[in-house]
Amino acid sequence: MSVEVTTLKSGLNVVTDAMPHLETASLGVWVASGSRDEHHDEHGISHFLEHMAFKGTRRRTARMIAEEIEAVGGDLNAATGAESTAYYARVLKSDVPLALDVLADILSDPSFDHEELLREQNVIIQEIGAVADTPDDLIFEHLQFVAFPNQSLGRSILGTAKTVRSFDGGKRRARSSIAP
């Protein structure tokens, strides 16, 4: 492997693994903030911010974000965990500049459109309900709760319907937020 770690002047670590024989590329941004960093009233905000990142920026609508990546046959996604939130894209190597621009845009300039915020709250509340109907997911949540009582690690990454509904898109700032 040819893994290299480069630290930029800003403190950002860039990890690369050049594979010149491949015609595809994967790019990812790992934000060192996840559900363990949330206060009780922020429960679920890391996951919520992950969802909102794809809902538009000043330069791109949610549709434009999806269509730009899909138009080149790429994939754009994210995942929230206890320790970090990852945002990633997979594209042809010639489309790396586009993927990097989209990732940078969604992470540095999300718009937090009120209608999208309300829509995404409903999506996440449906996700919370789906966990309640999935025994293998639910048992893991119960295990975390028992193993880490009264701690952020003992709470669901998704949050609760109450906390998710409380996120207002900017009237209050969460410590774990990645942008505005």
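This text goes with the structure placed above it.
Residues numbered from 1 in each chain as written. Predicted model: local features only at pLDDT ≥ 70, side-chain atom pairs only at ≥ 80, totals over all residues. Heavy atoms only, no water.

Enquirer: I'd like a description of the sheet that holds strand S4 (residues 75-80), backed by residues and values.
Expert: Strand order in the open sheet formed by three strands is S3-S5-S4, and the pairing between neighbours is antiparallel. Looking along the sheet, the strands with just one partner apiece sit at the ends: strand S3 (24-31) and S4. Adjacent strand axes in the sheet meet at a mean angle of 15°, parallel and antiparallel pairs treated alike. Bridging between S3 and strand S5 (residues 85-92) involves eight bridges; their strand directions are antiparallel. Along S5, the bridge assignment pairs Thr24 with Leu92. Across the sheet, helix H1 (residues 45-52) touches S4 and S5, and the angle it forms with S4 is around 170°. This element, helix H3 (residues 96-108), spans S3, S4 and S5 of the sheet and lies at about 155° to S5. (Pairing = 2+ DSSP bridges. Helix = DSSP H or I, 4+ residues; strand = E, 2+ residues; numbered from the N terminus. Axes fitted to C-alpha atoms, helices over the stretch in contact; angles between N-to-C directions. Contact = heavy atoms within 4.5 Å.)

Enquirer: Explain the pattern of salt bridges residue by residue, including any values.
Expert: Applying the stated rule across the entire model yields twelve salt bridges. For Glu120, the salt bridge goes to Lys55, with nearest N and O atoms at 3.2 Å. Note that Glu120 is positioned in helix H4 (residues 114-132) and Lys55 in the loop between H1 and helix H2 (62-70), a separation of 65 residues in sequence. Note on Glu120: relative accessible area 5%, which makes it buried. Lys55 sits in the partly exposed class, given a relative accessible area of 23%. A salt bridge links Asp105 to Arg60, with the shortest nitrogen-to-oxygen separation between them at 2.8 Å. Of this pair, Asp105 sits in helix H3 while Arg60 is found in the loop between H1 and H2, placing the two residues 45 residues apart along the sequence. Exposure class is identical for Asp105 and Arg60. Each is buried. Several salt bridges converge on common partners, so that one network encompasses Arg59, Arg60, Glu68, Asp101 and Asp105. (Salt bridge = Lys/Arg side-chain N within 4 Å of Asp/Glu carboxyl O. Buried < 20%, exposed > 50% of the residue type's maximum accessible area, 1.4 Å probe, protein only.)

Enquirer: Describe the side chain of Thr85, naming the residues involved and giving the relevant values.
Expert: Looking at where Thr85 falls in the secondary structure, it is placed in strand S5. Overall, Thr85 belongs to the buried group, its relative accessible area being 4%. Polar side-chain contacts of Thr85 include one of 2.9 Å to the backbone oxygen of Ser33. Residues contacting Thr85, with those up to four places away along its chain left out, are Val29, Trp30, Val31, Ser33, Gly34, Ser46, Glu50, Ala79 and Thr80. (Polar contact = N/O pair within 3.5 Å; in protein donor to acceptor, adjacent residues only side chain to side chain.)

Enquirer: Describe the nonpolar core, naming the residues involved and giving the relevant values.
Expert: By size, the foremost hydrophobic cluster in this structure holds 16 residues, and its most contacted members are Phe54, Leu76, Tyr87, Ala99, Val102, Leu103 and Ile106. Every element with two or more residues in this core is listed here: S3, H2, S4, S5 and H3. The leading source of residues in this core is H3, at five residues. Residues contacting Leu76, with those up to four places away along its chain left out, are Phe54, Ile65, Ile69, Tyr88, Ala89, Val102 and Leu103. Ile45, Phe48, Leu49 and Val164 belong to the second-largest nonpolar core, a separate cluster that totals nine residues. (Core = buried A, V, L, I, M, F, W, Y, C linked by side-chain atoms within 4.5 Å.)

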